[in-house]
Amino acid sequence: QVQLVESGGGLVQAGGSLRLSCAASGRTFSRYGMGWFRQAPGKEREFVAAIRWSAGITYYADSVKGRFTISRDNAKNTVYLQMNSLKPEDTAVYYCAAQFPERTPRGTYDYWGQGTQVTVFS
């Protein structure tokens, strides 16, 4: 069983930055495909970013490309989401997710964290 614990959410003014962290259990973390998703009130959950276990290949939603950066530290079993130039429309609960074995980065994930709230005010 894999457990994911997100942290780093909070309240930030538009234009500001936050860094989310997701700590994962599991000895094979380095082989997981990892992703970040978000869900705003009244909206469906949407893909934000993903990173492959090998070569660190990354994928982003068009809405965050150029502003958000996903990265991972396999030695620390942690994946990060650096969010810059935040906008009010980025307000949502952000979820970390893991795939094992690795599959389509925008597809289904096997494990989910509990979520962390990000609120951006103008």
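Residues numbered from 1 in each chain as written. Predicted model: local features only at pLDDT ≥ 70, side-chain atom pairs only at ≥ 80, totals over all residues. Heavy atoms only, no water.

A. Spatial organisation of the overall build of the protein. A tally of regular secondary structure across the protein gives zero helices and eleven strands. Element order for the protein, N to C, with α for helix and β for strand: β-β-β-β-β-β-β-β-β-β-β. A compact globule built from 122 residues would reach a C-alpha radius of gyration of about 14 Å, and the protein, at 13 Å, matches this within 12%. On the principal axes, the C-alpha backbone points of the protein span a range of 40 × 25 × 25 Å. When contacts within the protein are restricted to residue pairs at least 6 apart in sequence, long-range pairs at least 24 apart make up 58% of them. When the accessible area of the protein is evaluated, it comes to approximately 6,200 Å², of which 48% is carbon and sulfur surface. Looking at charge distribution, the protein has the averaged site of its 14 positive side-chain charges lying 5 Å from that of its 9 negative ones. (Helix = DSSP H or I, 4+ residues; strand = E, 2+ residues; numbered from the N terminus. Rg over C-alpha atoms; globule rule 2.2 N^0.38 Å. Contact = heavy atoms within 4.5 Å. Areas by Shrake-Rupley, 256 points an atom, 1.4 Å probe, with all protein chains shown as cover. Lys, Arg positive; Asp, Glu negative; His and termini not counted. Charge placed at Lys NZ, Arg CZ, Asp CG, Glu CD.)

B. Quick peek at the state of the cysteines. Inspection of the entire model under this criterion finds one disulfide. Across a sulfur-sulfur distance of 2.1 Å, Cys22 and Cys96 are joined as a disulfide pair. Between Cys22 and Cys96 the disulfide shows an S-S torsion of about -75 degrees. By sign, it is left-handed. A residue pair is termed long-range when its members are at least 10 positions apart, and Cys22 in strand E3 (residues 18-24) and Cys96 in strand E9 (residues 92-99) qualify at 74 residues. Cys96 shares its class with Cys22; the two are buried. (Disulfide = S-S within 2.5 Å. Buried < 20%, exposed > 50% of the residue type's maximum accessible area, 1.4 Å probe, protein only.)

C. Inspection of the pattern of salt bridges at higher detail. The full count for this structure, using the stated rule, is six salt bridges. Residue Arg52 pairs with Glu102 through a salt bridge whose shortest N-O separation is 3.9 Å. With Arg52 in the loop between strand E5 (46-51) and strand E6 (58-60) and Glu102 in the loop between E9 and strand E10 (111-112), this pair connects stretches of sequence that are 50 residues apart. Taking the relative accessible area as the measure of exposure, Arg52 reaches 6% and is therefore buried. The closest approach of N and O atoms between Asp62 and Lys65, which form a salt bridge, is 3.3 Å. Shared partners join several salt bridges into a network, and the residues in it are Arg38, Glu46, Arg67 and Asp90. (Salt bridge = Lys/Arg side-chain N within 4 Å of Asp/Glu carboxyl O.)

D. Looking closely at the packing of aromatic side chains. Using the criterion set out here, one finds five aromatic pairs in the structure. The interplanar angle of 80 degrees and the centroid separation of 5.7 Å between the aromatic rings of Phe37 and Phe47 together place this pair among those described as edge-to-face. Of the two residues, Phe37 sits in strand E4 (residues 33-39) while Phe47 sits in strand E5, which places them ten residues apart along the sequence. For Phe37, a relative accessible area of 6% puts it in the buried group. Judged by relative accessible area, Phe47 falls into the buried class, the value being 13%. Within the aromatic cluster, the residues linked to one another by ring pairs are Phe37, Phe47, Tyr109 and Trp112. Residue placement shows Arg31 over the ring face of Trp53; its charged tip is 4.4 Å from the ring centre. Residue placement shows Arg45 over the ring face of Trp112; its charged tip is 3.8 Å from the ring centre. (Phe/Tyr/Trp six-rings, centres within 6.5 Å; stacked < 30°, edge-to-face > 60°. Lys NZ or Arg CZ within 6 Å of the ring centre and 35° of its normal.)

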